[in-house]
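Notes for the structure review
Listed below are the residues making up each chain.
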Amino acid sequence: VVDLGDGLYVTDDGVDVRKAAYECLNAVMSLSDAELDYATILQAIVYGLEVYYDVPNVSKKLENADDVQVLCLHILGNLDVAAHHKVLVDAMHVLADRWRAIVTKALPGKAPTIQQIERHDDLVRTVLRVVIHMGKSPELEKQGPFRTFLQQVVMSSEPLKVSYATLQAEGK
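Everything numeric here is computed off the predicted structure, so don't read it as measured data.

Moving on, we come to the overall build of the protein chain. Across its full length, the protein chain carries eight helices and four strands. Along the protein chain, from the amino end to the carboxyl end, the secondary structure elements read β-β-α-α-β-β-α-α-α-α-α-α. Evaluated residue by residue, the protein chain yields a buried proportion of 35% over its 172 residues. Counting only contacts in the protein chain whose residues sit at least 6 apart along the sequence, the fraction spanning at least 24 positions is 63%. Accessible surface for the protein chain amounts to roughly 10,200 Å². Of this, 54% is attributable to carbon and sulfur atoms.

The following block contains the structure:
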């Protein structure tokens, strides 16, 4: 909390540390042939996908940085879905909730800046890429939360539906 005279402002001093931690996790996963505990890794990813999170001794929830969410989505998109489908199936309801929160999040303020709009659009496209990646697995595609997310969120919004179809076409 920073006091600037006209009020108290909450700043997030932990963004750089969280980004570094997820970058390390990504590096370990990409370089390691060892058995990793993917259930624990998925818990960390789910935490990183939170749109808002509680901070001790602060009454206001802080908004998670887009950079952290993009890193988590990148890690999720790099998972070998076939090899880890059991862990992903177990976490699908939570993942679908996080994806929904990200793509339906309102932009800040009455007139968001062009940079805020672009960052949000990039984040939404990243979510859709992960959904397309995960949808290639028959085990995940059959999951209720996954199908519900696709039907109730993606396919019910014309801009999301168009982006989804475009990204699917690019991936073929």
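And the narrative resumes.
Here we come to the environment of Pro112. In this fold, Pro112 is placed in the loop between α4 (85-103) and α5 (114-135). By relative accessible area, Pro112 is classed as partly exposed at 25%. Residue contacts for Pro112: discarding those within four places in its chain leaves Leu107 and Ile117.

Okay, helix α3 (residues 66-78) next. A rise of 1.5 Å per residue sets the reference length of α3, with its 13 residues, at 18 Å; its end C-alpha atoms lie 18 Å apart and thus fit the reference within 8%. Every buried residue of α3 is accounted for by Asp66, Val68, Gln69, Leu71, Cys72, Leu73, Ile75 and Leu76. Lining the buried residues of α3 we find α1 (15-31), α2 (38-48), α4 and α5.

Relative to the assigned elements, Arg129 resides in helix α5. For Arg129, a relative accessible area of 42% puts it in the partly exposed group. Along the primary structure Arg129 and Leu73 are separated by 56 residues, whereas in three dimensions their C-alpha atoms are 9.0 Å apart.

In this structure, Leu49, Leu76, Leu88, Trp99, Met134 and Phe149 are the most contacted members of the largest nonpolar core, which totals 45 residues. When residues of this core are traced back to their parent elements, those giving at least two are α1, α2, α3, α4, α5, α7 (144-154) and α8 (158-171). Beyond its immediate stretch of four places on either side in the chain, Trp99 contacts Leu49, Leu73, Leu76, Met92, Val127, Val130, Val131, Met134, Phe146 and Phe149.

Taken as a whole and assessed by the stated rule, the structure comprises nine salt bridges. For Asp122, the salt bridge identified is with Arg125, shortest N-O distance 2.2 Å. Taken together, the residues span about one helical turn, with Asp122 and Arg125 both in helix α5 at a distance of three residues. Shared partners join several salt bridges into a network, and the residues in it are Lys19, Asp66, Asp67, Lys105 and Arg119.

What counts, and where the lines are drawn
- Each chain carries its own residue numbering, running from 1 in the written order of its sequence.
- Note on the predicted model: pLDDT of at least 70 is required for a residue's local features to be given, and 80 or more for side-chain atom pairs to be given and counted; whole-chain, interface and lining totals, by contrast, use all residues.
- By convention in this description, side-chain values take in all heavy atoms of the structure and omit both hydrogens and water.
- Under the scheme used here, helices are H or I runs from DSSP no shorter than 4 residues and strands are E runs no shorter than 2 residues, and both carry numbers assigned from the N terminus.
- Relative accessibility decides the category of a residue: with a 1.4 Å probe and only protein chains considered, values under 20% of the type maximum give buried, values over 50% give exposed, and everything between is partly exposed.
- The criterion used for residue contact is that any of the two residues' heavy atoms lie within 4.5 Å.
- Computed by Shrake-Rupley with a 1.4 Å probe, the accessible areas treat only the displayed protein chains as cover when residues are assessed.
- Here a helix's expected span is defined as the number of its residues, less one, multiplied by 1.5 Å.
- Put simply, buried Ala, Val, Leu, Ile, Met, Phe, Trp, Tyr and Cys residues joined by side-chain atoms within 4.5 Å make one nonpolar core.
- Take a side-chain nitrogen of Lys or Arg and a carboxyl oxygen of Asp or Glu: if they are within 4 Å of each other, that pair is a salt bridge.

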